[in-house]
Amino acid sequence: MKPTNEMKLAFESRSQNESFARVAVAAFIAQLDPTVEEISDIKTAVSEAVTNCVVHGYKDCIGKIYITAKIYPDNRVRIIIRDAGCGIPDIERAMEPLYTTCDTGERAGMGFAVMEAFTDRLQVRSTSGKGTSVYLEKRIASKAAR
Amino acid sequence: MNVNLQGDREALTAFLEGEIDHHSARSFRDCIDERVASLGPKLLVLDFSGITFMDSSGVGLVMGRYRTMQQQGGELRVQGAKGTIRRILLLSGLDKLVRIE
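Residues numbered from 1 in each chain as written. Chains lettered and ligands numbered in written order. Predicted model: local features only at pLDDT ≥ 70, side-chain atom pairs only at ≥ 80, totals over all residues. Heavy atoms only, no water.

Participant: An account of the overall build of chain B is needed here, citing residue identities and associated values.
Facilitator: Check the secondary structure of chain B and you find 3 helices and 5 strands. Sequence-ordered secondary structure for chain B, helices as α and strands as β, is β-β-α-β-α-β-α-β. A compact globule built from 101 residues would reach a C-alpha radius of gyration of about 13 Å, and chain B, at 12 Å, matches this within 12%. When the backbone C-alpha atoms are referred to their principal axes, chain B occupies close to 30 × 30 × 20 Å. Counting every position in chain B, which comprises 101 residues, the buried fraction comes to 50%. Carbon together with sulfur atoms contributes 45% to the accessible area of chain B, which is approximately 4,700 Å² in total. Averaging the positions of the 13 positive and the 13 negative side-chain charges in chain B gives two centres separated by 5 Å. (Helix = DSSP H or I, 4+ residues; strand = E, 2+ residues; numbered from the N terminus. Rg over C-alpha atoms; globule rule 2.2 N^0.38 Å. Buried < 20%, exposed > 50% of the residue type's maximum accessible area, 1.4 Å probe, protein only. Areas by Shrake-Rupley, 256 points an atom, 1.4 Å probe, with all protein chains shown as cover. Lys, Arg positive; Asp, Glu negative; His and termini not counted. Charge placed at Lys NZ, Arg CZ, Asp CG, Glu CD.)

So this is what it looks like as structure tokens:
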């Protein structure tokens with residue numbers, strides 16, 4: 001299925017860009033007339049993915065974070081959040097709730113669990129030393145169906 | 001972000017306002033910890049009713065304050081968490097450690 005609309009973002013992995021990223025994606029998706037809850041779910045999932053890039057992907061440096069968001073005719077939204085950072089050595093372990101490698105801050109290790117709970121589909125691809133891509137999918141209920 | 005702290009040594013309530021993410025969590029944390037360290041309250045209440053967005057950074061914020069209050073022999077409570085914010089707190093199982101009103 002071909003997307004009916006698409007947008008791309010590239011920005012630096014500075015923590016002040018976490019809010020920029022989630023608000024930008026939410027603004028793009030607003031054209032589907034989502035509910036307050038759907039928008040909130042997407043903002044939360046995007047915030048988690050971008051935070052992972054900032055905290056883990058580019059742990060010791062500032063790098064670029066890339067977001068692509070596509071809208072499909074069946075009201076599905078696909079969001080890809082990609083970094084070219086250090087990668088995740090063990091994805092399965094990283095996705096376990098409460099697991100975190102961060103010992104400097106107060107990270108709860110809930111990022112992937114939240115992304116999973118707030119979207120319809122979550123996929124993670126990572127190569128050590130090359131980077132990580134997170135694929136999020138969510139169907140926005142059409143206004144007629146509500 | 002803003003934290004409005006009200007109360008005394010018996011009970012201190014931190015009314016949190018704004019968005020909690022990884023970027024803002026540190027400021028929330030510093031504001032609360034400074035007062036908790038100087039006052040040493042028996043009960044600390046985190047009020048989320050003024051929070052407009054929160055991701056799992058908020059779970060870290062609650063967990064960290066829970067640890068601090070435990071070390072001081074005090075208690076932590078959470079109030080005013082609704083919708084997505086409440087869902088995230090429950091998803092992390094925080095309600096097993098902290099009373100969420």
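Participant: An account of the sheet that holds strand 3 (residues 43-54) of chain B is needed here, citing residue identities and associated values.
Facilitator: Residue and element names in this part refer to chain B. The strand order across the open sheet formed by 5 strands is 1-2-3-4-5, and the pairing between neighbours is mixed. The open sheet has two edge strands with one neighbour each: strand 1 (2-7) and strand 5 (99-100). Of the pairings in the sheet, the one linking strand 1 to strand 2 (residues 11-20) comprises 6 bridges and is antiparallel in character. When the bridges of strand 2 are listed, Asn2 appears paired with Glu17. Sheet strands in contact with helix 3 (residues 83-91) are strand 3, strand 4 (75-79) and strand 5, and its direction is about 125° off that of strand 3. (Pairing = 2+ DSSP bridges. Contact = heavy atoms within 4.5 Å. Axes fitted to C-alpha atoms, helices over the stretch in contact; angles between N-to-C directions.)

Participant: Please provide a residue-by-residue account of the pattern of salt bridges, values included.
Facilitator: Residue and element names in this part refer to chain A. Using the criterion set out here, one finds 18 salt bridges over all chains in the structure. Across the pair Arg76 and Asp74 runs a salt bridge whose closest N-O atoms are separated by 3.1 Å. Look at Asp74 and you get partly exposed, because its relative accessible area is 24%. Here the salt bridges share partners, and the residues they tie into one network are Asp74, Arg76, Arg78, Arg121 and Glu137. (Salt bridge = Lys/Arg side-chain N within 4 Å of Asp/Glu carboxyl O.)

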